[in-house]
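Read off the chains here:
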Amino acid sequence: MSLASRGEKTPLLAIQRLQIRQGTHFWEHNLQLHAGEVAVIKGPSGCGKTTLLEALAGFVPIESGCLVIAGDSVENWPAEKRPVSLLFQQQNFFEHLDITTNLKLGFPNASPSTHQWQQVLNACQLLGVAAFLERKPSELSGGQKQRLALIRTVLRPQPLVLLDEPFSALDDHHRQLAGDWLREEIKASQRAALLVSHRPEDAERLADQLLLLE
Ligand SMILES: Nc1ncnc2c1ncn2[C@@H]1O[C@H](COP(=O)(O)OP(=O)(O)OP(=O)(O)O)[C@@H](O)[C@H]1O
């Protein structure tokens, strides 16, 4: 009997006995995340947090196990087909393009709809980066770039958002602002987010679930 026919909610992300190998390291992960939820991944340096996000996004091979995202079994899908939006620790802006163009590149054909672009502008206003849209990435601080990269990643129309230390360059004020915005956005759009953070307050404020790696 299916989950739906038993009256249970189908998870947006289902990870079951997902096995990943990287050099001499080996991990097996299990997790279920529902629409509107945020999970925070914690653990010491080198424990495999980035590797897990990269495996979900299709950049690190999965050895065995099940990975279902928004109803599709995607273990064998190439990275470009996976329904995920990933923010790497290095924010990956094109240095020769201005911020507006960089933000638009997050959307299919680099053409966000009027509504999508308005959401981007609203978020830029809220997170204090609206004044920088015409600048080149090299003309911004690390924290300004990180907020813009977060906006681009979260507002891409993908059901699963993966964020690798998305607040690491932010001061306490902007960390809280960005965290609250992320939480609201994921809830309102009924998507799900998995984020890596070393800071206990991020887990306390944002996590519906905590995934502790060792
Ligand atoms: N391509 C690779 N080949 C072999 N080993 C790798 C490879 N990439 C990462 N590793 C190893 O896998 C382990 C997990 O790395 P990963 O980057 O996932 O850790 P992390 O938990 O994200 O660490 P940090 O908090 O420092 O960013 C590390 O010991 C790392 O050296």
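Residues numbered from 1 in each chain as written. Predicted model: local features only at pLDDT ≥ 70, side-chain atom pairs only at ≥ 80, totals over all residues.

## Some words on the sheet that holds strand E3 (residues 38-42)
Phase 1 of the analysis: Strands sit in the order E6-E7-E8-E3-E9 across an open sheet of five strands; the sheet is parallel. The two strands at the open ends of the sheet, each matched to only one other strand, are strand E6 (84-87) and strand E9 (209-212). Neighbouring strand axes in the sheet, compared pairwise and without regard to direction, differ in orientation by 15° on average.
Phase 2 of the analysis: When E3 meets E9, the two strands line up parallel, connected through four bridges. Across the sheet, residue Ile41 finds its bridge partner in E9, namely Leu211.
Phase 3 of the analysis: Those strands touched by helix H1 (residues 49-57) are E3, E6, strand E7 (160-164) and strand E8 (192-196), and its axis lies near 150° from that of E7. (Pairing = 2+ DSSP bridges. Helix = DSSP H or I, 4+ residues; strand = E, 2+ residues; numbered from the N terminus. Axes fitted to C-alpha atoms, helices over the stretch in contact; angles between N-to-C directions. Contact = placed C-beta atoms within 7 Å.)

## Description of the confidence of the model for the protein
Phase 1 of the analysis: When pLDDT is averaged across the protein, the result is 93; 96% of the residues are at 70 or more.
Phase 2 of the analysis: Both confidence scores are given for the complex: pTM 0.93, ipTM 0.95. (pLDDT = per-residue confidence, 0-100.)

## Looking at H1
Phase 1 of the analysis: Among the residues making up H1, those that are buried are Lys49, Leu52, Leu53, Glu54, Ala55 and Leu56.
Phase 2 of the analysis: Two residues or fewer past H1, Gly58 is found with a positive phi of approximately 100°. (Buried ≥ 20, exposed ≤ 12 C-beta atoms within 10 Å, placed from the backbone.)

## Focus on the sheet that holds strand E2 (residues 25-33)
Phase 1 of the analysis: Strand order in the open sheet made by the four strands is E2-E1-E4-E5, with antiparallel pairing throughout. Of all the strands in the sheet, the pair left with one neighbour each is E2 and strand E5 (72-73).
Phase 2 of the analysis: Here strand E4 (residues 64-69) runs beside E5; their pairing, made up of two bridges, is antiparallel. Across the sheet, Val68 pairs through a bridge with Ser73, a residue of E5.
Phase 3 of the analysis: Packed onto the sheet, H1 meets strand E1 (13-22), E2 and E4 and runs at close to 115° relative to E1.

## Quick word on the nonpolar core
Phase 1 of the analysis: Core analysis: the biggest nonpolar cluster contains 50 residues, and Ile151, Leu160, Leu162, Ala193 and Leu195 have the highest contact counts within it.
Phase 2 of the analysis: If you tally residues by element for this core, the top one is helix H4 (residues 142-155), at six residues.
Phase 3 of the analysis: Look past the residues within four positions of Leu195 in its chain and what remains in contact with it is Val38, Val40, Ile41, Leu163 and Pro166. (Core = buried A, V, L, I, M, F, W, Y, C linked by C-beta atoms within 7 Å.)

## Quick notes on the pairing of E4
Phase 1 of the analysis: Two strands pair when backbone bridges link them, and E1 and E4 are joined in this way by five bridges, in the antiparallel orientation. Paired with Gln16 across the two strands is Cys66, which belongs to E4.
Phase 2 of the analysis: Turn length for the E4-E5 hairpin, with the two strands adjacent in sequence and antiparallel, is two residues, and the turn residue Ala70 shows positive phi of about 50°.

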